[in-house]
Structure formats: structure tokens, C-alpha cells
Amino acid sequence: MSKTDRAGRKKRVFSGMQPSGEAHLGNYLGALRPWVELQSEYDCVFCIVDDHAITAGGDPAEMPANVMDLAVSFLAVGLDPEKAIIFVQSDVHEHTELAWLFNAVTPVGDLERMTQYKDKSQHFESIPAGILNYPILQAADILLYKGEAVPVGEDQRQHLELTRDIARKFNATYGDTFPETEALIDKGVGRILGLDGNAKMSKSLGNTVGILAEPDAVWDRVRTAVTDPQRIRRDDPGRPEICNVFTLHGHFTDDATRADIEAKCRAAEIGCVDCKRILSDNIADAFAPFRDRAAHFRAHPEDVRKVLDDGAERARGIARETMTEVRRKMGLDWRSAII
Ligand code: TYM
């Protein structure tokens, strides 16, 4: 993707993350790390999507702390308010307004086809409309800022295709307004498997490692990781190609060490526990600077508050402009009848 448009303006990148507390390894590799890389070269807007999170039905009393914890994770990994707009979705009411207006151009059948809807709706006897309409709000998030590129993990691909459909439909009905958003999904990290080695790493499945966990806590999690099921005794030869621990090594270990681990695993010179220990140490080392920065922000919550307040102010500026245009195009400007 080119970094600028024809006028030489930096392209707009938008992405969001649900506040379920501290970010985990999957969030980091699939989203936060690319966001940090993109923030210097693009005009970036990053959002903590608490309006989305209410559809998961969590305890409202936990939401404020979850938002703060995620904001600390954002800043700890190096997102920089000098380079990117960082804010909380519910601070900018235009998100929910635009989502409502997009109801006018979104077929219910498209929403019912979403894989995430099909999965999530199985947990309910009476399905909340918010679960069905979730991707409309996601499209509104992106298009409110006329986002041209959206860095996400593989699980979000279908929602981004729907975002393009909504933009197209809106443009065809009301006149050219929104760009066709491109999904930025990094092949190697688009779907990080959880420690169970079976499902996507996800807080709700309890198969995660937190990015701000202390080394002992990282080890407590990594030691539970599932390895090659056929390797029962230490002197059984391992099969790194089917072992999720070995895959995870790829993100935290240099090529030479990884090749060494691979050879020793095949030759049964290294056991699974040793292999997990190396991974755990490397993860804890890689995230040490994040823990230090997080400690600073936890001790200074007023700094976090300022980042989010300033971010919301800047986001509202862009959002208001888009909404004025959208309302006018949809005829929601009755004052124009008075000449
Ligand atoms: P969420 O909060 O579930 O996840 C945030 C980001 O982390 C990525 N991710 C992963 N990537 C690789 N492997 C994993 N195991 C893994 N787990 C999570 C996700 O793909 C995502 O990029 N609906 C979105 C939030 C959202 C959004 C938006 C995203 C709301 N509005 C607008 C982009 C643009 C979600 O629930 O992500």
C-alpha cells in the first residue's frame, strides 16, 4: 500500500481493540506491534472500543478498569500520542450515530452471514440485536475517520469486507463519501494460536499470555502450553512442525537459536519443558520494556487520562466533519429547507 494519496497526504489508518483488560500475545503480534510500526508513517487513529464490548455482556463495574488497563497496554508497547490519535469510543458519540445511519444500507442477510455472529449467537437463547449489528458499528468506527487501511488479525477480515460493502452501498445511494478500506493482515501473525495449541488465542478461552505479566506469571502460563501430543516421554523424538510452542518461538527467538531448538527437539536432546522454559524467558525479556513503561503509567493515571482526553478531542474534530457531510447527504438537515 502506498503511504500517501495523490495529493501527498498521509493515508489514514484506523484500528480498534476491545477492552478486556491487559492486551495478550495474540493482540500484540496481530495488532499492537503493526500499529506501532505504522504510526510514524501514516495518519493513525487507534480506539478502545468500549461500545463494542457491551455486546459481550460483561460486568459494567469492571469496564472502567478494563479500559484503563488496555490504555496502559497501548502506551506500554509504544503507541505515541504525538504520532497517533488514541481514544475511547464512547467519548465520541458520532460512532453510534453513524452506526444507526448505516442500518439504512446494510442488508440483514449480510449480518447473519458473519462467522463471528454465527459463533457468538449460539451462546444465547434470545440473541441480543447488538451481536448481529456489531459489524455495522465497526464499519462506522472506520468510516467515521474515512480510514483507508485497517491493521487487524485474520479474525476481522470478514468484518472489513462488510465495511467495504457498506461504503460502496452508501456511496452509490447518497454520493461518493467513503473510501474503500483495505485490510492490513500480516500473514505470519494474523492468527496466533492460544496455549492450548488448538484455538485462536483469546481472553474468553483462557489460553493467553498477558503482555505485561511478570516473568513468573509468564512461566505459569507458558508451562501449561500444549506440545506435540505424540511426544510422551522425554526421549521420544519431537515434531516441531506440529508444535505450537515451536511456532511461538518463531516470534521471540532468533533464526539460529530456533534452528538449534528444532534440531534438538527432533533428536530428543531437549525436552518440552526445557523448550517452554526458553520460550518463557524470551517472552519475558522481550516484554521487559513494556512492563517498565506500564509501571510508570499505572503510577501516573493522570497521564493516561490526558492522552485519552486529548485523543477524544482530536477524534471528535474529524468525526463532526464527517457527520455534517453524512447528515446533509442523507437529508438530515431540515434547516436547508429555509431559504
Ligand atoms: P479484538 O478486540 O478481539 O482484537 C483486537 C485485535 O487483535 C487481533 N487479535 C489477534 N490477532 C492474531 N491472533 C490472535 N489470536 C488475535 N486475537 C486478537 C484482532 O484481529 C484485532 O485486530 N471487532 C474488533 C474490534 C474493532 C475494530 C474496529 C477493529 C472494533 N472496531 C474497527 C478494527 C477496526 C475486535 O473485537 O477485536
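Just so you know, these numbers come straight off a predicted model, no measurement behind them.

**Things to note about the packing of helix 4 (residues 94–102) against helix 14 (residues 301–329)**
Turning to step 1, where the next piece is worked out: In contact at an axis separation of 10 Å, helix 4 and helix 14 are set at 25° when each is read in the N-to-C sense. One way to sum up the angle between helix 4 and helix 14 is to call them roughly parallel. When you trace helix 4 past helix 14, the crossing you get is left-handed. For the pair helix 4 and helix 14, the contacting residues are Glu 94, Glu 97, Leu 98 and Leu 101 in the first and Arg 316, Ala 319, Arg 320, Met 323, Val 326 and Arg 327 in the second.
Turning to step 2, where the next piece is worked out: For the contact of helix 4 with helix 14, the per-class residue count stands at 5 nonpolar, no polar and 5 charged.

**Considering the packing of aromatic side chains**
Turning to step 1, where the next piece is worked out: Applying the stated rule across the entire model yields 12 aromatic pairs.
Turning to step 2, where the next piece is worked out: Where Phe 252 meets Phe 287, the ring centres are 5.7 Å apart and the plane angle is 85°; that geometry is what we call edge-to-face. Taken as a pair, Phe 252 in helix 10 (residues 244–252) and Phe 287 in the loop between helix 12 (272–286) and helix 13 (288–299) lie far apart in primary sequence, 35 residues in all.
Turning to step 3, where the next piece is worked out: Ring centres of Phe 287 and Phe 290 lie 5.2 Å apart, and the angle between their planes is 20°; on these two criteria the pair is classed as stacked. The exposure classification of Phe 287 matches that of Phe 290, with both residues buried.
Turning to step 4, where the next piece is worked out: Grouping aromatic residues by their ring pairs yields a cluster made of Tyr 28, Phe 252, Phe 287 and Phe 290.
Turning to step 5, where the next piece is worked out: Positioned above the aromatic ring of Tyr 134 is the side chain of Lys 120, whose terminal nitrogen or guanidinium carbon lies 4.4 Å from the ring centre.

What counts, and at which threshold
- Residues numbered from 1 in each chain as written.
- Predicted model: local features only at pLDDT ≥ 70, side-chain atom pairs only at ≥ 80, totals over all residues.
- Heavy atoms only, no water.
- Axes fitted to C-alpha atoms, helices over the stretch in contact; angles between N-to-C directions.
- Helix = DSSP H or I, 4+ residues; strand = E, 2+ residues; numbered from the N terminus.
- Parallel < 35°, antiparallel > 145°, perpendicular 65-115°, else oblique.
- Left-handed = near helix turned anticlockwise from the far one by under 90°.
- Contact = heavy atoms within 4.5 Å.
- Nonpolar A, V, L, I, M, F, W, Y, C, P; charged D, E, K, R; others polar.
- Phe/Tyr/Trp six-rings, centres within 6.5 Å; stacked < 30°, edge-to-face > 60°.
- Buried < 20%, exposed > 50% of the residue type's maximum accessible area, 1.4 Å probe, protein only.
- Lys NZ or Arg CZ within 6 Å of the ring centre and 35° of its normal.

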